[in-house]
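Residue-level structure breakdown
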Amino acid sequence: MTLSRLCLLGLLALAATAASAQSIWKWRDRDGHVMVSDRPPGPDVPDKDILQRPNAAHLPTASGDTAQPVAAATSAGTDKDLEARKNKLAQSQAAAKEAKANADKERLSAEKAQNCQRARNQLQMLQSGARIARANDKGEREFLDDKARADEIGRAQQQISASCE
């Protein structure tokens, strides 16, 4: 091998190790220990405790120095996406809650309308003068007398005033 090929191989090996070193995360944990990994720290680690991010290329700041890493900029984009997803989830949960509340209101309204109609039908039947029978405590059939009919009419009118507003 010639010297130029050896130099080229050496440069390639150096570039490969430099590229792999740039995918390292370094941060300080809660106890102050420096942690090193090829994976990012958990969400409980604040940005101020992250010492090194992958992609050592830096973006220039307003003062001209290169203190902000590219990974931080892409992380901000990811944070915006995450916030957007959280907002969308919260909106869909609120919409589902509202839809459930509306369905409950409609169901209660329908039940109230049915109770109102039953009470009106009962009152109409009681006021018609037809003979009405019901089962007593022994299971025997007995017909309503005038006093019992008046009591039932009173109950039906109370149900109408409670259900039919």
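Our structure's up above, just so we're on the same page.
Position numbers for residues count from 1 along each chain, tracking the sequence in the order it is written. The model is predicted, so local features are restricted to residues of pLDDT at least 70 and side-chain atom pairs to those at 80 or more, both for listing and for counting; the totals for chains, interfaces and linings are taken over all residues. Note: side-chain values were computed over all heavy atoms of the structure, leaving out hydrogens and water.

**Notes on the overall build of the protein chain**
Secondary structure elements are taken from DSSP: a helix is a run of H or I of four residues or more, a strand is a run of E of two residues or more, and numbering for both begins at the N terminus. Secondary structure summary: the protein chain contains three helices and seven strands in total. Counted from the first residue to the last, the protein chain has its helices and strands arranged as α-β-β-β-β-β-α-β-β-α. We call a residue buried when its accessible area falls under 20% of the maximum for its residue type, exposed when it is over 50%, and partly exposed in between, using a 1.4 Å probe and counting protein chains only. With 165 residues in all, the protein chain has 15% of them scored as buried. Across the protein chain, the fraction of contacts at a sequence separation of at least 24, relative to all contacts at a separation of at least 6, is 34%. Accessible surface computed for the protein chain: about 13,000 Å², of which carbon and sulfur atoms make up 54%. Contact criterion: two residues are considered in contact whenever any of their non-hydrogen atoms come within 4.5 Å of each other. Under the convention used here, a 1.4 Å probe and the Shrake-Rupley method define accessible areas, while residue burial counts only the protein chains that appear.

**Details of the pattern of salt bridges**
A pairing counts as a salt bridge when a side-chain nitrogen of Lys or Arg comes within 4 Å of a carboxyl oxygen of Asp or Glu. A full pass over the atoms with the stated rule returns nine salt bridges. Notably, a salt bridge pairs Glu 111 with Arg 107, separated by 3.2 Å at the nearest N-O pair. Here the residue Glu 111 and the residue Arg 107 both occupy positions in helix α2 (residues 70-127), the gap between them amounting to four residues, near one helical turn. One network of salt bridges, with partners in common, ties together Arg 134, Glu 142, Glu 152 and Arg 155.

**Section: the pairing of strand β1 (residues 25-28)**
Residues Trp 25 and Trp 27 line the buried face of β1, whereas the alternating positions Lys 26 and Arg 28 sit on a face that is not buried. In terms of strand pairing, β1 meets strand β2 (residues 34-37) through four bridges, oriented antiparallel. Residue pairing in the sheet places Arg 28 in a bridge with Val 34 of β2. Hairpin connection between β1 and β2: a loop of five residues separates the two successive antiparallel strands, and Gly 32 in this loop has a positive phi of roughly 90°. Where β1 lies against strand β3 (residues 50-52), two bridges are found, and the strand directions are antiparallel. In the strand pairing of β3, Lys 26 is matched with Gln 52. Think of it this way: DSSP has to see at least two bridges between two strands before they count as a pair.

**Examining helix α3 (residues 146-163)**
With 18 residues, α3 ought to run about 26 Å at 1.5 Å a step, and its terminal C-alpha atoms sit 26 Å apart, in line with that. Residues of α3 that are buried include every one of Ala 148, Arg 149, Glu 152, Ile 153, Ala 156, Ile 160 and Ser 163, and no others. Looking down the long axis of α3, one finds its buried residues gathered within 140° of arc, a one-sided arrangement. Exposed residues on α3 whose side chains face more than 90 degrees from its buried face are Lys 147, Gln 158 and Ser 161. Residue count minus one, scaled by 1.5 Å, sets the expected span of a helix. Working note: the arc is built from the helix axis to C-beta atom directions.

**Considering the state of the cysteines**
Note on terminology: disulfide denotes any pair of cysteine sulfur atoms within 2.5 Å. Using the criterion set out here, one finds one disulfide in the structure. Across the disulfide from Cys 116 sits Cys 164; the S-S distance is 1.6 Å. Where Cys 116 bonds to Cys 164 through sulfur, the torsion about that S-S bond is close to 115°, and the disulfide is right-handed. Of this pair, Cys 116 sits in helix α2 while Cys 164 is found in the segment after α3, placing the two residues 48 residues apart along the sequence.

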